[in-house]
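Structural features, examined
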Amino acid sequence: MGASRNGLVRSFAVEFSDASCLPGLRSRLRQLIPAGDGRIDAELVCTELVTNAVEHAAAPRRVRVVLDAADLRIEVEDGSPDAPLTPGVSRFGAFRGRGLALVEALARWGIIRGPAGKTVWATLAVA
C-alpha cells in the first residue's frame, strides 16, 4: 500500500477468480477508510462491481482501489470487452439486476473498453 491520506495516494490491487475474495476486500477497505467517511458505500460499490465481474465476465479479473485526499476510485478489470452493463436489468430474473443501480446512486461510474477486456470504474467522495 502507498503513503498516507495527507495528500498522497494509497492503493491496493487484487486478482480474483470468484467471490471468495470479498471478505478480504471489505477488510482492506475498512483499513483504508476511517469509519463514517463513506466506508459502507465503498464496501457496497466494491462488492457489487466484483460480483458483477464474477457472474457476468470472463477471467482474468482484477480489482484496484486507489484513495487520494478526497476520492476513492474502484476499478474492476475483466476479460469480457463486449459484455453489456445494464443497470436495473439481469439475465438472472426479476429479483436481480439492482447492483449497478445502487452503484449509480452512490458513485460516479463508467466503463473503459479495450480489445482484450474492460474496466468498470466507480469514484466516491470520502472525507
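Here, the structure is the one placed above.
The paragraphs below set out a description of the structure included in this document. Bear in mind the structure is a predicted one, so any value in this text is a computation, not a measurement.

1. Some words on the overall build of the chain
- A count of helices and strands for the chain gives three helices and five strands.
- Within the chain, the proportion of its 127 residues that are buried is 39%.
- A separation of at least 24 residues holds for 60% of the contacts in the chain among residues at least 6 apart in sequence.
- With an accessible surface of roughly 6600 Å², the chain has 55% of that area assigned to carbon and sulfur atoms.

2. Focus on the pattern of salt bridges
- Counted according to the given criterion, the structure contains five salt bridges.
- Notably, a salt bridge pairs Arg 64 with Glu 75, separated by 3.7 Å at the nearest N-O pair. Of this pair, Arg 64 sits in strand E2 (residues 61-67) while Glu 75 is found in strand E3 (residues 71-78), placing the two residues 11 residues apart along the sequence.
- Since its relative accessible area comes to 32%, Arg 64 is described here as partly exposed.
- The exposure class of Glu 75 is buried, given its relative accessible area of 14%.
- One salt-bridge network, held together by shared partners, links Arg 64, Arg 73 and Glu 75.

3. Notes on the packing of helix H1 (residues 22-32) against helix H2 (residues 39-56)
- Closest axis-to-axis distance for the H1/H2 pair is 10 Å, and the angle between their directions is 150 degrees. Here H1 lies roughly antiparallel to H2, going by the angle between them. In this structure, H1 meets H2 at a crossing whose hand is right-handed. For the pair H1 and H2, contact is made by Leu 22, Leu 25, Arg 26, Leu 29 and Arg 30 and by Arg 39, Ala 42, Glu 43, Cys 46, Thr 47, Val 50 and Thr 51, respectively.
- Residues that form the contact of H1 with H2 fall into these classes: six nonpolar, two polar and four charged.

4. Focus on the nonpolar core
- In terms of nonpolar packing, the biggest core is built from 27 residues, with Leu 49, Val 50, Val 63, Leu 72 and Ile 74 touching the most fellow members.
- Listing elements by their share of this core, those giving two or more residues are strand E1 (10-16), H1, H2, E2, E3, helix H3 (99-106) and strand E5 (118-125).

5. Section: the sheet that holds E1
- Within the open sheet, the five strands sit side by side as E1-E2-E3-E5-E4. Their pairing is antiparallel. Edge positions in the sheet fall to E1 and strand E4 (108-113), since each has one partner strand and no second. For this sheet, the mean angle separating the axes of adjacent strands, direction not counted, is 15 degrees.
- Both E2 and E3 contribute to a ladder of six bridges, which runs antiparallel. What sits directly across from Val 65, in E3, is Ile 74.
- Contacting E1, E2 and E3, H1 crosses the sheet at an angle of about 180 degrees to E1.
- Along the sheet face, H2 touches E1, E2, E3 and E5 and points at about 10 degrees away from the line of E3.

What counts and what doesn't
Per chain, residues are indexed from 1 in the order of the written sequence. Side-chain atom pairs in this predicted model are given and counted only at pLDDT of 80 or more, local residue features only at pLDDT of at least 70, and totals for whole chains, interfaces and linings cover all residues. To obtain the side-chain values, all non-hydrogen atoms of the structure were included, while hydrogens and water were left out. Helix and strand assignments follow DSSP, with helices taken as H or I runs no shorter than four residues and strands as E runs no shorter than two, numbered in order from the N terminus. Per-residue accessibility, obtained with a 1.4 Å probe over protein chains only, is compared with the maximum for each type, and a residue is labelled buried under 20%, exposed over 50%, and partly exposed between these values. The criterion used for residue contact is that any of the two residues' heavy atoms lie within 4.5 Å. Only the protein chains shown count as cover for residues, and all accessible areas are computed by the Shrake-Rupley method using a 1.4 Å probe. Salt-bridge detection follows one rule: a side-chain nitrogen of Lys or Arg within 4 Å of a carboxyl oxygen of Asp or Glu. Fitted lines through C-alpha atoms give the axes, limited to the stretch in contact for helices. The angle between two N-to-C directions lies from 0 to 180 degrees. Oblique is the label for any angle not covered by the other classes, which are roughly parallel (under 35 degrees), roughly antiparallel (over 145) and roughly perpendicular (65 to 115). Left-handed describes a crossing in which the near helix is turned anticlockwise from the far one by less than a right angle; the clockwise case is right-handed. Residues are grouped as follows: Ala, Val, Leu, Ile, Met, Phe, Trp, Tyr, Cys and Pro are nonpolar; Asp, Glu, Lys and Arg are charged; every other residue, Gly included, is polar. Buried Ala, Val, Leu, Ile, Met, Phe, Trp, Tyr and Cys residues form a nonpolar core when they are joined through side-chain atoms within 4.5 Å. Each pair of strands is called paired provided DSSP finds at least two bridges between the two strands.

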